[in-house]
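Fold and contact review
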Amino acid sequence: MSDSEETVRCWLVERSSYGDERMVTLVYATPTGDRQLTKQLSPNLLMRKRVTAAVDVEPERLEPVTDEETRERYAAEAERMAERHDPDAEV
């Protein structure tokens, strides 16, 4: 949990782009990798918005990660991000 009991700290664990519109997908996950928040942004919006190492998310906005391999990968990446970056650092 973050400082607030009403939010969960999630770390950036994946960034990818796809499609003709080149939408950028950002995935933030809990430190255990069991829940995620996915954001899709256009390149124009991405240039105007700060992408930080972590975000604090209301629990009801998080989706479960059902695949065990993905949970493990997200947990490892969240740990790596937490060790290397401050939550508010732009990445």
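These remarks concern the structure in this document. (Residues numbered from 1 in each chain as written. Predicted model: local features only at pLDDT ≥ 70, side-chain atom pairs only at ≥ 80, totals over all residues. Heavy atoms only, no water.)

Some words on the side chain of Q36
As a reminder, the rule being used: A helix here means a DSSP run of H or I that spans at least four residues, while a strand means a run of E at least two residues long, and both kinds are numbered starting from the N terminus. Relative accessibility thresholds used throughout: buried, under 20% of the residue-type maximum; exposed, over 50%; partly exposed, between the two (1.4 Å probe, protein chains only). Whether two residues are in contact is decided by their heavy atoms: any pair within 4.5 Å suffices.
Here Q36 lies in strand β3 (residues 35-41). We classify Q36 as buried; its relative accessible area is 18%. Beyond its immediate sequence surroundings of up to four residues, Q36 is in contact with V27, Y28, A29, R61, L62, E63, V65 and Y74.

Re the pattern of salt bridges
Pairing is possible between side chains of opposite charge, provided their charged atoms come close. For the record, the criterion: We count a salt bridge whenever a side-chain nitrogen from Lys or Arg sits within 4 Å of a carboxyl oxygen from Asp or Glu.
Within this structure, the stated rule accounts for 6 salt bridges. We note a salt bridge from R73 to E14, for which the minimum N-O separation is 3.1 Å. Residue R73 is found in helix α2 (residues 68-84), and its partner E14 is found in strand β1 (residues 8-18); the two are separated by 59 residues along the sequence. Under the relative-accessibility criterion, R73 is labelled partly exposed at 44%. Taking the shortest distance from any N to any O, the salt bridge between E90 and R50 comes out at 3.2 Å. One end of the pair, E90, is in the segment after α2; the other, R50, is in the loop between α1 (43-48) and β4 (54-57), and 40 residues separate them in sequence. For E90, a relative accessible area of 56% puts it in the exposed group. Looking at R50, the relative accessible area reads 46%, which means it is partly exposed.

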